[in-house]
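A closer look at the structure
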Amino acid sequence: MSFSFKVANKKTLGYDMAQVDDFISRARAQFAEPNSSVVAADAVRSVEFDLVKGGYLIEPVDAAIERLEETFAAREIQRQKSEKGAYALDDRLARVTEIVRGRLQRPRGKKFSSTGWLLRGYSRKQVDALCDRISRHLESGLELSPAEVRRSIFQAKRGGYAESQVDAFIDRVIEVLQIEAAR
């Protein structure tokens, strides 16, 4: 896999080049040796880079990271399937789906903890709308891709949902979608 990213101009924020290059070199090692465990798919999903002026343009790096995550997740799922069998993968899917459904069954506006009125969190209305789409996918098979979920953006609102809880939930939803795709 070859990566070369365009650099933002000196006044525009972009990702810290050294951090991106370090992560990409570790990911390349993982890509070259699929059975190694240098970088896991969930580590790719949660990687963050500092923003600096004149860094790498954000969109191309994000797109590359997204492709890496999909590739690594597919490999990990196939490895689990070949090592432990399809039943183990079905069990994993059932367990993660149960966690997701548990959160989705909560009432609108109360699916996640609140940040309180002094702090900002994710917009309850926007997060609940995403939860509705996820519910429709699980119940009726409505088309939903990991990229759609991953790219969800929520406005910051006072008294919103706790970001860490929503982010962890989104990670579980992406895991469900990746397993479904690999089956």
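Our subject is the structure that appears above.
Described in the following lines is the structure provided in the data block. (Residues numbered from 1 in each chain as written. Predicted model: local features only at pLDDT ≥ 70, side-chain atom pairs only at ≥ 80, totals over all residues. Heavy atoms only, no water.)

1. Topic: the overall build of the protein
Helix and strand content of the protein: 7 helices and 4 strands. When the helices and strands of the protein are read in sequence order from the N terminus, they spell out β-α-α-β-α-α-β-α-α-β-α. Structurally, the protein occupies a C-alpha span of about 50 × 45 × 25 Å along its principal axes. Relative to its 183 residues, the protein shows a buried fraction of 39%. Carbon and sulfur atoms form 51% of the exposed surface of the protein, whose accessible area is close to 10,700 Å². One finds the centroid of the 31 positive side-chain charges in the protein at a distance of 5 Å from the centroid of its 27 negative side-chain charges. (Helix = DSSP H or I, 4+ residues; strand = E, 2+ residues; numbered from the N terminus. Buried < 20%, exposed > 50% of the residue type's maximum accessible area, 1.4 Å probe, protein only. Areas by Shrake-Rupley, 256 points an atom, 1.4 Å probe, with all protein chains shown as cover. Lys, Arg positive; Asp, Glu negative; His and termini not counted. Charge placed at Lys NZ, Arg CZ, Asp CG, Glu CD.)

2. Re the packing of helix H4 (residues 86–104) against helix H7 (residues 163–182)
Two packed helices can be described by the angle between their axes and the distance between those axes. Contact geometry for H4 and H7: axes closest at 9 Å, N-to-C directions at 140°. Here the hand of the crossing between H4 and H7 comes out left-handed. Seen from H4, the contacting residues are Leu 89, Arg 92, Leu 93, Val 96, Thr 97, Val 100, Arg 103 and Leu 104; seen from H7, they are Gln 165, Phe 169, Arg 172, Val 173, Glu 175, Val 176, Ile 179 and Glu 180. Per-class residue counts for the contact of H4 with H7 are 9 nonpolar, 2 polar and 5 charged. (Axes fitted to C-alpha atoms, helices over the stretch in contact; angles between N-to-C directions. Left-handed = near helix turned anticlockwise from the far one by under 90°. Contact = heavy atoms within 4.5 Å. Nonpolar A, V, L, I, M, F, W, Y, C, P; charged D, E, K, R; others polar.)

3. Re H7
Spanning 20 residues, H7 covers 29 Å between terminal C-alpha atoms, matching the ideal 28 Å at 1.5 Å per step. Those residues of H7 that sit buried are Val 166, Phe 169, Ile 170, Val 173, Ile 174, Glu 175, Val 176, Leu 177, Gln 178, Ile 179 and Ala 182. Buried residues in H7 make contact with helix H2 (41–46), helix H3 (58–84), H4, strand S3 (120–122), helix H5 (124–140) and helix H6 (146–150). (Expected span 1.5 Å × (residues − 1).)

4. Regarding the environment of Phe 31
Looking at where Phe 31 falls in the secondary structure, it is placed in helix H1 (residues 17–32). Since its relative accessible area comes to 25%, Phe 31 is described here as partly exposed. Considered as a pair, Phe 31 and Gly 14 are 17 residues apart in the sequence and their alpha carbons are 25 Å apart.

5. Quick look at the nonpolar core
With 26 residues, the main nonpolar core has Val 100, Val 127, Ile 134, Val 166 and Phe 169 as its most contacted residues. Broken down by element, this core gets its largest block of residues, 9 residues, from H7. When residues no more than four places from it in sequence are discounted, the contact partners of Phe 169 are Val 100, Arg 103, Leu 104, Phe 112, Cys 131 and Ile 134. Within the second largest apolar cluster, 17 residues are counted, among which are Val 20, Phe 23, Ile 24 and Ala 64. (Core = buried A, V, L, I, M, F, W, Y, C linked by side-chain atoms within 4.5 Å.)

6. As for the layout of surface pockets
Computed from the structure, the largest pocket encloses a volume of approximately 910 Å³. What lines the largest pocket is a set of 23 residues, among which Arg 45, Val 47, Asp 62, Arg 150 and Arg 151 lie closest to the centre. When residues of the lining of the largest pocket are traced back to their parent elements, those giving at least two are H2, H3 and H7. Among the elements that make up the lining of the largest pocket, the one with the highest residue count is H3 (6 residues). Looking at the lining of the largest pocket residue by residue, the class counts come to 11 nonpolar, 2 polar and 10 charged. Estimated volume of the second largest pocket: approximately 180 Å³. (1 Å grid on protein atoms, 1.4 Å probe; cavity = no way out; pocket = protein on both sides within 12 Å on 5 of 7 lines; lining within 4 Å. Points joined across faces, edges and corners; volume = space filled by probe spheres on them.)

7. Concerning a positive patch on the surface
Taken together, Arg 120, Lys 125, Lys 157 and Arg 158 make up a surface patch of like positive charges. Among the structural elements, Arg 120 can be located in strand S3. For Arg 120, a relative accessible area of 48% translates into the label partly exposed. (Patch = residues over 30% accessible without salt bridge, like charges linked within 9 Å, V, L, I, M, F, W, Y side chains within 5 Å. Salt bridge = Lys/Arg side-chain N within 4 Å of Asp/Glu carboxyl O.)

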